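# Working through the structure, step by step
Residues per chain, in single letters:
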Amino acid sequence: DIHILYHGSKDEQFLDWLKKYSVIIHSHEPEWLDMIETMRQNGDPALSHLFAHKGNYIGTWQRIDLPLFIDAEYILFLDSDTIIRQSFGMHDFGLDVTPGLAASSEFDEEDTRPWNVGVCLFNVP
């Protein structure tokens, strides 16, 4: 199933399109919004493009609330600009699956540093 945590109310046409394709939409009104906005305003847009736009910054933090909406042992989180080139299942991850969170590299598959949290595998407690 595809789930989306949605914060807002202005995208009715887009939400209707998602529903048409059986996307599960969760209305998300996080309690931590004011705290995150303070962090964003103190951030340097020269260091990250996320500091420049409130919506993008909130979206980055929304993933921490995924366990509030999805009851599963594992969640594969993908940013909306992620392209899936072939189908896969949990068996493709092998037996050494993360006990917590695993993030992808940004561009180079051989880079072992987790730079891109737009592709994350969460082991949900």
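What you see is a predicted model; the values in this text were computed from it and never measured. (Residues numbered from 1 in each chain as written. Predicted model: local features only at pLDDT ≥ 70, side-chain atom pairs only at ≥ 80, totals over all residues. Heavy atoms only, no water.)

## Describing unusual backbone geometry
What counts, and what does not: The secondary structure listing takes helices from DSSP runs of H or I that are at least 4 residues long and strands from runs of E that are at least 2 residues long, numbered from the N terminus. Only protein chains enter the calculation, and the probe is 1.4 Å; a residue is then buried if its accessible area is under 20% of its type maximum, exposed if over 50%, and partly exposed in between.
Positive phi outside glycine occurs at Ser22, with the angle close to 65°. With respect to the helices, strands and loops of the structure, Ser22 is situated in the loop between helix H1 (12–20) and strand E2 (24–27). On the basis of relative accessible area, Ser22 is assigned to the exposed category, the value being 61%.

## Section: the environment of Leu50
To keep it simple, the criterion reads: By definition in these notes, contact holds between two residues if any of their heavy atoms fall within 4.5 Å.
Residue placement: Leu50 occurs in the loop between helix H2 (33–41) and helix H3 (54–62). Setting aside chain neighbours within four positions, we find Leu50 in contact with Arg40, Asn56, Tyr57 and Thr60.

## Examining a nonpolar patch on the surface
Heads up, the rule is: Patch membership is restricted to residues that have no salt bridge and whose relative accessible area is over 30%. Joining uses 9 Å for like charges and 5 Å for the nonpolar side chains Val, Leu, Ile, Met, Phe, Trp and Tyr. Only the protein chains shown count as covering a residue, and every accessible area follows the Shrake-Rupley method with a 1.4 Å probe. Every case where a carboxyl oxygen of Asp or Glu lies within 4 Å of a side-chain nitrogen of Lys or Arg is listed as a salt bridge.
There is a patch of nonpolar side chains on the surface, built from Leu76, Leu78, Ile84, Phe88, Met90 and Phe93 and spanning about 480 Å² of accessible area. Assignment of secondary structure puts Leu78 in strand E3 (residues 74–78).

## Overview of H2
The criterion, for reference: Here the arc refers to the directions that run from the helix axis out to each C-beta atom.
Among the residues of H2, Leu33, Ile36, Glu37 and Arg40 are the ones counted as buried. Here the buried residues of H2 occupy an arc of 100° about the axis, which is enough to place them on one side. Opposite the buried face of H2, by more than 90 degrees, sit the exposed residues Asp34 and Met35. Where H2 is buried, its residues touch H3.

## Re H3
Every α-helical turn comprises 3.6 residues, leaving residues that sit three or four positions apart pointing alike. Listing the buried residues of H3 in full gives Tyr57, Ile58, Thr60 and Gln62. Considering only its buried residues, H3 is in contact with strand E1 (3–6), H2 and helix H4 (66–69).

By themselves these figures say nothing about function.
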